[in-house]
Amino acid sequence: MMSKLISKHTRLALAALGAIALTGTVASVVNASEPPLVGTPQAVKDLHWGEVLFYFYQDDYLQALIRLGAAQDFNRLTHHAVEAELLKGGLYLSLGQHEEAGRIFKTLLNDNVPLDVRNRAWFYLAKVWYQRNYLDQAATALASIRGALPGDLEPERHLLEAQVLMYLGRYDDAIRVLERWQPAKGRSDVWSAYARFNIGVALVRNGRTGEAAKLLDAVGQIRAPTQEIAALRDKANLALGYVWLKENRPNEAKTVLQRVRLQGPQSNKALLGVGWADSAERRFTKALAPWLELRERNVLDAAVQESYLAIPYAYAQLDATQQAVEHYTLALDAFTAESQRIDQSIAAIRSGRLLDAIMDNDSGDNVGWYWQLQNLPDAPETRYLYHLLATHEFQEGLKNYRDLKLMQRDLAAWELSLIAFDDMIDTRRRAFAQRTPLMQEVLDRVDPDQLEAQQRDLELRIAAIQRDGDVAALATAREREQWEKVLRIEQVLSRADPNDPLVTEMREKVRLLRGRLLWDFSSSYKARQWKAQKELRELNVAATEARRRWVLVERAREEYPARTERFSQRVTHLQPRIATLSARLAAAAESQNRYLAQIAIRELEAQQQRLAEYSLQARFALASIYDRASSAAPATGGGAQ
Amino acid sequence: MNSERIRVGIMSRMSIFGPVFVLIALLAASMPLFAQEAGAPATNVAGEEFRSLDQEVQALKKEVLDLNRELFVLEEELLFPANTQVAVFVSMDVGEFFALDSVTIKLDNKEVANYLYTPREAEALLKGGVHRVYIGNLKAGEHELIALFTGQGPNARDYRRGATVTLEKGVGAKYIELKISDRAARAQPEFVVKQWD
């Protein structure tokens with residue numbers, strides 16, 4: 001029932017957790033194959049563990065965690081107990097529950113746990129420390145790993161180690177870690193590329209341009225079989241391009257900026273940079289080409305806004321004064337219009353409508369959610385939303401807001417379920433009250449003790465027959481009747497005159513009859529004895545089952561009301577908890593909404609400020625052109641070259 | 001003279017300030033990129049207000065999660081007590097010869113479940129996930145279960161196959177696994193019904 005709550009962001013952080021689900025054997029197979037997990041069969045020994053993985057593999061971490069917890073409560077993960085704990089820790093980590101995750105991982109760091117699990121526990125513990133900014137502890141945890149981790153965890157471990165060292169300011173060590181690690185043959189070096197890029201950027205910030213350039217240049221030329229790598233490569237080229245621009249090396253800047261894809265998300269900044277590189281070499285006509293292309297793009301983008309100023313600047317440099325004036329005027333109009341649109345957006349956000357549009361259209365699907373944000377209607381409150389997602393803070397806040405809203409929906413659904421449970425319990429209670437007299441009547445009719453006594457009596461009789469060899473005792477009803485008749489006739493004949501020839505003849509016939517019957521009894525005695533024993537055994541089984549059922553019914557009759565009451569108490573106890581949590585969720589969502597509105601307004605105001613600065617620059621430039629034109633009268637007018 | 005000075009001033013701002021401005025924005029944007037991939041230390045990602053609100057939200061999430069688990073357990077115990085519970089699971093092994101679209105379950109000739117798989121769910125099954133497609137109650141005794149699988153078989157042809165099993169429901173919960181695997185020798189999928197107690 002729990003909706004899919006965790007978004008792409010956390011999914012990325014947990015991507016490598018897939019390896020957790022692997023047994024050691026499978027992991028080694030994974031190492032050798034590409035892609036690592038898709039199509040890899042799982043050795044699932046508990047069905048409910050497989051069910052947890054079913055949700056985990058769909059990135060539905062909350063559902064996975066709920067089912068994992070429930071399966072543990074029911075003791076259904078006996079074959080995967082350790083792996084389950086490891087996964088649970090990882091899932092808590094994805095929820096930002098560092099303490100809970102850390103507690104779980106620490107319990108796995110003992111000698112009773114297999115080495116590969118311990119290694120993974122150290123790795124995730126390192127992640128916990130790292131995210132909480134305990135960098136020394138993170139480094140120690142990483143150093144405690146013995147051997148290699150399975151699958152994609154190994155490169156991620158190297159990335160993590162490099163990042164830890166980078167934040168500790170140990171850039172040289174971080175670079176050495178990356179250099180030491182070589183990806184498996186035939187596999188792309190994604191993690192290392194991310195690490196090199198991040199360290200490169202950190203080095204730029206520290207003014208170590210030369211070293212940064214080496215790293216960024218390498219990342220900027222990696223093979224890019226996927227969109228993700230292509231995007232990273234673009235970022236590296238862009239960063240390096242601007243480093244060279246800053247260092248006043250336009251030629252090198254242009255070379256790397258031209259590696260950026262023309263239609264990618266970094267293309268605007270790259271086009272702008274290419275123009276500046278040409279401009280720095282005073283090739284203004286060439287600079288106009290990328291800038292004019294750029295101006296046709298979405299004016300929300302800072303690079304596009306800057307192109308509005310760069311174009312007339314180039315014209316001015318080319319002494320095409322008229323075009324320069326036209327384009328500065330165009331820029332001023334565009335900036336004013338954009339600023340007015342931002343005003344509208346700020347007003348709409350202040351009225352609290354920022355996030356309604358998102359939640360109204362949210363189906364709870366993890367995957368498509370971010371993409372849907374691109375297609376929001378062009379209303380004042382949502383116009384800049386996707387743009388705002390570029391900021392990490394806003395992204396995280398929005399994710400939290402969405403989680404809170406989905407949780408509210410989820411609890412509302414549970415609230416309805418609980419009402420249904422309550423009704424169900426009530427119905428059961430009434431049905432039980434109705435059935436009790438009938439049940440009692442049936443139970444009263446049956447006396448298990450008496451049945452048991454009869455059974456014992458039968459056993460004794462059969463034992464006596466066996467002991468005495470009483471073959472006639474196992475005769476059929478018809479045979480018994482005949483046997484009784486023979487005995488009666490014998491009795492009558494014993495009183496008759498023994499010298500009477502008729503009596504003698506009768507006695508002979510009876511003797512024959514008796515002999516015949518005894519013969520029959522004796523010949524079938526073994527089979528009848530076996531049958532009697534078998535029936536006795538079956539009777540025993542049936543009697544035991546009857547008694548067991550009788551006891552069960554009796555016990556159920558006694559326990560049922562108590563069990564129903566326990567269910568009732570649980571429902572009664574859960575209802576206010578849902579209500580309280582729902583209220584807290586609503587309050588937190590409201591705070592989150594206000595907070596996001598603040599960020600949005602702050603961002604939009606900063607953008608307005610930038611537009612104002614650009615407008616000011618345009619006005620200065622215009623004034624300068626007019627000033628020049630009036631002092632150089634009679635004017636001849638400028639023309640484009 | 002004055003206008004020339006202004007012009008030079010603008011040029012210097014445009015040629016130096018402009019790119020540097022974008023560069024700063026670019027570098028600022030690159031850190032979240034890292035944060036997304038590996039999770040950056042808390043101090044580097046957000047301000048105090050964000051962190052305090054974030055902590056509150058994470059704690060709240062944990063409480064909702066615990067509550068959800070309790071509700072989930074209650075639901076199962078109340079609606080599907082162990083002595084009558086029967087659950088049907090679907091699993092896949094390799095899946096080279098069969099791409100699953102849907103599964104229909106009939107119990108004692110009555111349709112109890114009909115589930116259509118999304119590509120994402122089918123992929124999760126291939127990775128080793130197991131889907132509980134049905135949970136319900138059955139009286140003790142003998143019952144018949146029919147499972148109908150539809151999807152694409154070898155050579156991307158529409159494929160429909162059924163599997164029948166007679167199951168003996170005892171006192172405890174009964175689990176049935178419908179396992180789809182590849183029979184490599186015949187290049188055909190295989191549908192196996194496995195009973196768990």
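Our structure is the block above this text.
What counts, and where the lines are drawn
- Residues numbered from 1 in each chain as written.
- Chains lettered and ligands numbered in written order.
- Predicted model: local features only at pLDDT ≥ 70, side-chain atom pairs only at ≥ 80, totals over all residues.
- Heavy atoms only, no water.
- Helix = DSSP H or I, 4+ residues; strand = E, 2+ residues; numbered from the N terminus.
- Buried < 20%, exposed > 50% of the residue type's maximum accessible area, 1.4 Å probe, protein only.
- Contact = heavy atoms within 4.5 Å.
- Areas by Shrake-Rupley, 256 points an atom, 1.4 Å probe, with all protein chains shown as cover.
- Pairing = 2+ DSSP bridges.
- Axes fitted to C-alpha atoms, helices over the stretch in contact; angles between N-to-C directions.
- Expected span 1.5 Å × (residues − 1).
- Bend = angle between axes of the 7 residues up to and from the residue.
- Polar contact = N/O pair within 3.5 Å; in protein donor to acceptor, adjacent residues only side chain to side chain.
- Parallel < 35°, antiparallel > 145°, perpendicular 65-115°, else oblique.
- Left-handed = near helix turned anticlockwise from the far one by under 90°.
- Nonpolar A, V, L, I, M, F, W, Y, C, P; charged D, E, K, R; others polar.
- Phe/Tyr/Trp six-rings, centres within 6.5 Å; stacked < 30°, edge-to-face > 60°.

A.B. asks: What's the story with the overall build of chain B in this structure? I'm lost.
C.D. replies: Of the regular secondary structure elements, chain B holds four helices and eight strands. Secondary structure elements of chain B occur, N-terminal to C-terminal, as α-α-α-β-β-β-α-β-β-β-β-β. Burial status across chain B gives 53% buried among its 197 residues. Look at the contacts in chain B between residues 6 or more apart in sequence, and 63% of them connect residues 24 or more apart. In the form shown here, chain B has an accessible surface area of approximately 9,000 Å², with 52% of it arising from carbon and sulfur atoms.

A.B. asks: What am I meant to see in the sheet that holds strand β4 (residues 131-137) of chain B here?
C.D. replies: Where strands meet in a sheet, backbone hydrogen bonds hold them as pairs that are either parallel or antiparallel. Residue and element names in this part refer to chain B. Pairing is mixed in the open sheet, where four strands are placed in the order β4-β1-β7-β8. In this open sheet, the two edge strands, each paired with only one partner strand, are β4 and β8 (188-196). Ignoring strand direction, the axes of neighbouring strands in this sheet form an average angle of 15°. Pairing between strand β7 (residues 174-183) and β8: nine bridges, direction antiparallel. The residue of β8 that forms the bridge with Leu178 is Val193.

A.B. asks: Hey, could you run me through helix α17 (residues 302-317) of chain A in this one?
C.D. replies: An α-helix turns once every 3.6 residues. As a result, residues three or four positions apart point the same way. Residue and element names in this part refer to chain A. Here α17 is 16 residues long and its end C-alpha atoms lie 23 Å apart, about the 22 Å a rise of 1.5 Å per residue gives. Considering bend angle alone, the principal kink of α17 is centred on Tyr308 and spans about 25°; proline Pro312 follows within four residues of it. For α17, the buried fraction is high: 15 of the 16 residues fall into the buried class. Between the side-chain oxygen of the N-cap and the backbone nitrogen of Ala303 there are 2.8 Å, and the N-cap of α17 in question is Asp301.

A.B. asks: What's the story with the packing of α17(A) against helix α18 (residues 321-350) of chain A in this structure? I'm lost.
C.D. replies: Two quantities define a packed helix pair, namely the angle between the axes and the distance from one axis to the other. Residue and element names in this part refer to chain A. Remark: α17 packs on α18, axes separated minimally by 8 Å, with the N-to-C direction vectors making an angle of 165°. With respect to their mutual orientation, α17 and α18 come out roughly antiparallel. In this structure, α17 crosses over α18, and the sense of that crossing is left-handed. Residues Gln305, Tyr308, Leu309, Ile311, Pro312, Tyr313, Tyr315 and Ala316 of α17 form the contact with α18, whose participating residues are Gln323, Ala324, His327, Tyr328, Leu330, Ala331, Ala334 and Phe335. For the contact of α17 with α18, the residue count by class is 13 nonpolar, three polar and no charged.

A.B. asks: Please explain the environment of Leu330(A) as it appears in this structure.
C.D. replies: The topology assignment puts Leu330(A) in helix α18. Excluding residues within four positions of it along the chain, Leu330(A) makes contact with Arg295(A) and Tyr308(A).

A.B. asks: I would appreciate a short explanation of the packing of helix α7 (residues 115-131) of chain A against helix α9 (residues 153-167) of chain A in the present structure.
C.D. replies: Residue and element names in this part refer to chain A. The N-to-C vectors of α7 and α9 enclose an angle of 35°; their axes lie 11 Å apart at closest approach. In terms of crossing hand, the pair formed by α7 and α9 is left-handed. Between α7, through Arg120, Phe123, Tyr124, Ala126, Lys127 and Tyr130, and α9, the contact on the second element is made entirely by Leu153, Glu156, Arg157, Leu160, Gln163, Val164 and Tyr167. The class makeup of the residues in the contact of α7 with α9 is eight nonpolar, one polar and four charged.

A.B. asks: I tried to follow the sheet that holds strand β5 (residues 141-152) of chain B on my own but got confused; where do I start?
C.D. replies: Residue and element names in this part refer to chain B. The strand order across the open sheet formed by four strands is β3-β2-β5-β6, and the pairing between neighbours is antiparallel. Both edges of this open sheet fall to β3 (110-116) and β6 (158-169), since each of them pairs with a single strand only. Within the sheet, the average angular offset between the axes of one strand and its neighbour, ignoring direction, is 20°.

A.B. asks: Any chance you could explain helix α13 (residues 227-246) of chain A here in plain terms?
C.D. replies: All names here are of chain A. Between its first and last C-alpha atoms α13 spans 28 Å; for 20 residues at 1.5 Å apiece the expected length is 28 Å, and the two agree. α13 sits mainly inside the fold: 15 of its 20 residues count as buried. Phi for Asn248, located one or two positions after α13, is positive at around 60°.

A.B. asks: Help me understand the packing of aromatic side chains, please; the structure alone is not making it clear to me.
C.D. replies: Describing an aromatic ring pair means giving the distance of the ring centres and the angle of the ring planes. Overall, the coordinates contain 20 aromatic pairs over all chains when judged by the stated rule. With a centroid separation of 5.7 Å and an interplanar angle of 70°, the aromatic rings of Phe98(B) and Tyr159(B) are classed as edge-to-face. With a gap of 61 residues between them, Phe98(B) in the loop between β1 (85-93) and β2 (99-107) and Tyr159(B) in strand β6 connect regions that are remote in the sequence. Judged by its relative accessible area of 14%, Tyr159(B) is buried. Among the aromatic side chains, those forming a connected cluster through ring pairs are Trp276(A), Phe284(A), Trp291(A) and Tyr313(A).

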